[in-house]
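Overview (structure and organization)
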Amino acid sequence: MPYTATLPKQRPFGETSRPDAWWIQPLLVFLGFSAFIVYSTWAAFQGLDSAHCYYWYGADESGYTANYISPFYSPDLFGYPSHPGIFGLVPSWWPGWVPYSPAFLIMWIPAGFRFTCYYYRGAYYKAFWLDPVNCTVGEPRKSYLGERYLPLILQNVHRYFFYLAFVFILILAYDAWLGMWFTDDAGVKHFGIAVGTLVLVINVVLLGGYTFGCHSLRHLIGGFLDSQSRVPACAKGFACVSCLNHQHMLWAWLSLFWVGFTDVYIRLCAMGIWHDFRFFTL
């Protein structure tokens, strides 16, 4: 007699036999992501005030000029008369009826990289879409189409966002390097270390740990090989990236928090609320 099996009946939304507080993790993820989204959106729109470029800090009461720029605005492609960008002022092709901020030109790249990240997908699917809320907890949906159809098929562009994110790491590393040089009243540059310098360096380290632990980089380096032992260089690179990937969630959260804090630090220094402390200048 043939054996037949039936699937268990789907639980109603929120129903579970779990005795633990399973809802805490998705709630914390929801609050953490929401706080960052709200703040980063607010920070991007602050660039609309062309008279006060608080995304850049250069004043120093001790007679030296610093050079800090918020990661939300770097690279500053087109700026304002008070602080021109790499290619000058607000581009003439920008529609006059559309609000302009230098952050609008570049923030879509790191945002797209994180939004399509394998870790973040699982995190915000649970926290915002409740799909699933948590393991063995009833879901609101009745069917699952996967990421083969719109709009979720767009998540597959993650590998391309990685290439752009890699370039951003190089740009932010250069910003950290510029943050190590202070100009005196005579226009001479001096190497130095200040709190702002450390903030920029830590930001690069954390973002680098998150970016270089990306699943796309693992595949790019050695994941495409059936036998890594045949290409020792790729095998070593794959192992190195895998070490970062094992803590991908930790790197993701630390870098998310610190990139936001970096903007806060530079913004408050530019507003004169905080004062950048310099340890030494050579």
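Reference entry: report on the structure contained in this document. (Residues numbered from 1 in each chain as written. Predicted model: local features only at pLDDT ≥ 70, side-chain atom pairs only at ≥ 80, totals over all residues. Heavy atoms only, no water.)

1. What to know about the packing of aromatic side chains
Within the structure shown, the criterion is met by 36 aromatic pairs. When the centroid spacing of 6.3 Å and the interplanar angle of 70° are considered together, the rings of Tyr160 and Tyr163 count as edge-to-face. Of the two residues, Tyr160 and Tyr163 are both situated in helix 4 (residues 158–178); the distance of 3 residues between them amounts to about one turn of the helix. An aromatic cluster is defined as three or more aromatic residues linked by ring pairs; in this entry it consists of Phe30, Phe33, Phe113, Tyr119, Tyr120, Phe128, Tyr210 and Trp253. Taking the ring centre of Phe182 as reference, the NZ or CZ of Arg278 above it sits at 5.5 Å. (Phe/Tyr/Trp six-rings, centres within 6.5 Å; stacked < 30°, edge-to-face > 60°. Helix = DSSP H or I, 4+ residues; strand = E, 2+ residues; numbered from the N terminus. Lys NZ or Arg CZ within 6 Å of the ring centre and 35° of its normal.)

2. Brief notes about the sheet that holds strand 4 (residues 189–194)
One open sheet holds the 3 strands; their spatial order is 3-4-5, and the pairing between them is antiparallel. Across the chains shown, the open sheet's two edge strands, defined by having one partner strand only, are strand 3 (181–183) and strand 5 (278–281). For this sheet, the mean angle separating the axes of adjacent strands, direction not counted, is 45°. Where strand 4 meets strand 5, 3 bridges bridge the pair, whose relative direction is antiparallel. From the neighbouring strand, Ile193 faces strand 5, where its bridge partner is Phe280. Together, strand 3, strand 4 and strand 5 form the strand contacts of helix 5 (residues 195–211), whose direction differs from that of strand 4 by roughly 75°. (Pairing = 2+ DSSP bridges. Axes fitted to C-alpha atoms, helices over the stretch in contact; angles between N-to-C directions. Contact = heavy atoms within 4.5 Å.)

3. Some words on the pairing of strand 4
Of the strand pairs in this sheet, strand 3 and strand 4 are connected by 3 bridges, and their pairing is antiparallel. What sits directly across from Phe182, in strand 4, is His190. Between strand 3 and strand 4, which pair antiparallel in sequence order, lie 5 residues; one of them, Gly187, sits at a positive phi of approximately 85°.

4. Quick look at helix 7 (residues 232–245)
End to end, helix 7 covers 20 Å across 14 residues, agreeing with the expected 20 Å (1.5 Å per residue, within 8%). The set of residues buried in helix 7 consists of Cys234, Gly237, Phe238, Val241, Ser242 and Asn245. Taken around the axis of helix 7, the buried residues stretch over an arc of 140°, which confines them to a single face. Structural note: helix 7 exposes Pro232, Ala233, Lys236 and Cys243 on the side pointing more than 90 degrees away from its buried face. The secondary structure elements touched by the buried residues of helix 7 are helix 6 (215–223) and helix 8 (248–270). (Expected span 1.5 Å × (residues − 1). Buried < 20%, exposed > 50% of the residue type's maximum accessible area, 1.4 Å probe, protein only. Arc of directions from axis to C-beta.)

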